[in-house]
Amino acid sequence: MAHVRRFDHIGITVADLDSVTAFFVGLGLEVEGTGSVEGEFVETVCGIPDAHCRIVMLRPPDGGSRLELSSFVAPAHVPGSPGAMANELGLRNVSFEVGNLDAALDAVAADGYGLVGGIGEYENSVRMAYVRGPEGIIVSLFEQIR
């Protein structure tokens with residue numbers, strides 16, 4: 001029996017919710033909603049007593065799976081590994097298809113975000129690059145080769 005009905009969202013915990021939100025909105029995601037959660041529910045789910053976090057839910061223009069950004073008000077966030085590479089255990093990257101890879105890379109570069117490596121092409125089907133976004137988040141941007 002299959003338990004999963006659909007892929008809903010992926011969550012990323014960040015320190016600076018506003019700047020990370022601005023980065024993803026700049027790529028073309030739309031803010032679906034914002035909020036704050038605290039109390040028994042979040043304490044139970046996260047297993048963190050006295051937890052309180054702010055959340056921004058982002059959605060892609062096609063209405064697909066969403067990206068949840070959260071920032072803990074309490075307790076204070078614990079630093080991760082902002083320089084992590086793709087072979088470090090944990091979340092590897094968050095990936096988005098773009099219409100024009102070069103234009104998307106120029107846009108994020110104008111905001112100070114650079115490539116992790118280079119631009120790769122896979123079997124004449126896609127061009128892809130990893131960008132090191134805010135707080136070290138690796139964002140995979142790819143375009144289909146027509």
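As shown above, the structure is provided for reference.
The model shown is predicted, which means the values in this text are computed figures rather than measured ones.

**Examining the layout of surface pockets**
Phase 1: Estimated volume of the largest pocket: approximately 690 Å³.
Phase 2: Along the walls of the largest pocket sit 29 residues, with T13, G80, S81, P82 and E135 positioned nearest its centre.
Phase 3: Taken together, the residues that form the lining of the largest pocket break down as 18 nonpolar, seven polar and four charged.
Phase 4: The space that makes up the second largest pocket amounts to roughly 420 Å³.
Phase 5: Every residue lining the second largest pocket is counted, 22 residues in all, and those nearest its centre are L29, P60, S95, F96 and E97.
Phase 6: Elements that contribute at least two residues to the lining of the second largest pocket include exactly α1 (17-27), β4 (66-74), β5 (94-97) and α3 (101-110).
Phase 7: The leading source of residues in the lining of the second largest pocket is β5, at four residues.

**Describing the nonpolar core**
Phase 1: Membership of the largest hydrophobic core comes to 23 residues, with the highest contact counts inside it found for F24, L67 and L141.
Phase 2: The residues contacting F24, other than those within four sequence positions of it, are L29, L58, L67, L69, V94, F96, I137 and V139.

**A word on the side chain of S71**
Phase 1: One can find S71 in strand β4.
Phase 2: In this structure S71 comes out as buried when scored by relative accessible area, which is 7%.
Phase 3: A polar contact of 3.2 Å, which involves the side chain of S71, links it to the backbone oxygen of V14.
Phase 4: Within the local environment of S71, its side chain forms a polar contact with the backbone oxygen of A15, the two atoms lying 3.2 Å apart.
Phase 5: Setting aside chain neighbours within four positions, we find S71 in contact with V14, A15, L17, H52, C53 and R54.

**Things to note about α3**
Phase 1: The complete set of buried residues in α3 reads L101, A104, L105 and V108. Relative to the axis of α3, the buried residues are bounded by an arc of 100° and lie together on one face. In α3, those exposed residues whose orientation departs by more than 90 degrees from the buried face are D106 and A110.
Phase 2: Along its buried surface, α3 packs onto α1, β7 (126-132) and β8 (138-144).
Phase 3: For α3, the N-terminal cap is N100; the gap from its side-chain oxygen to the backbone nitrogen of D102 is 3.1 Å.
Phase 4: G112 sits one or two residues past α3 and shows a positive phi near 95°.

Criteria and thresholds
For every chain, the first residue of the written sequence is number 1, and numbering continues from 1 onward in sequence order. Predicted model: local features are reported for residues with pLDDT of at least 70 only, side-chain atom pairs are reported and counted for 80 or more only, and whole-chain, interface and lining totals are derived from all residues. Processing note: side-chain calculations cover all non-hydrogen atoms of the structure and skip hydrogens and water entirely. Of the grid points, spaced at 1 Å and generated over the protein atoms alone, those admitting a 1.4 Å probe that cannot get out make up cavities, while open sets with protein on both sides within 12 Å along at least five of seven lines make up pockets; any residue with an atom within 4 Å of a point is treated as lining. Grid points are joined across faces, edges and corners, and a volume is the space filled by probe spheres set on the points. When residues are sorted by character, Ala, Val, Leu, Ile, Met, Phe, Trp, Tyr, Cys and Pro go into the nonpolar class, Asp, Glu, Lys and Arg into the charged class, and all the rest, Gly among them, into the polar class. Strands here are runs of E lasting at least two residues and helices are runs of H or I lasting at least four, both read from the DSSP assignment and numbered beginning at the N terminus. Here, nonpolar core means buried Ala, Val, Leu, Ile, Met, Phe, Trp, Tyr and Cys residues that are tied together by side-chain atoms lying within 4.5 Å of each other. Each residue gets one of three labels from its accessible area relative to the maximum for its type: buried under 20%, exposed over 50%, partly exposed in between, using a 1.4 Å probe on protein chains only. Two residues qualify as a contact provided that any one of their heavy atoms is within 4.5 Å of a heavy atom in the partner residue. The term polar contact refers here to a pair of N or O atoms within 3.5 Å; inside protein, the definition further demands a hydrogen-donor-capable atom paired with an acceptor-capable atom, and it admits residues adjacent in sequence only when both atoms are side-chain atoms. Of all possible arcs, the one meant is that of the directions from the helix axis to the C-beta atoms.

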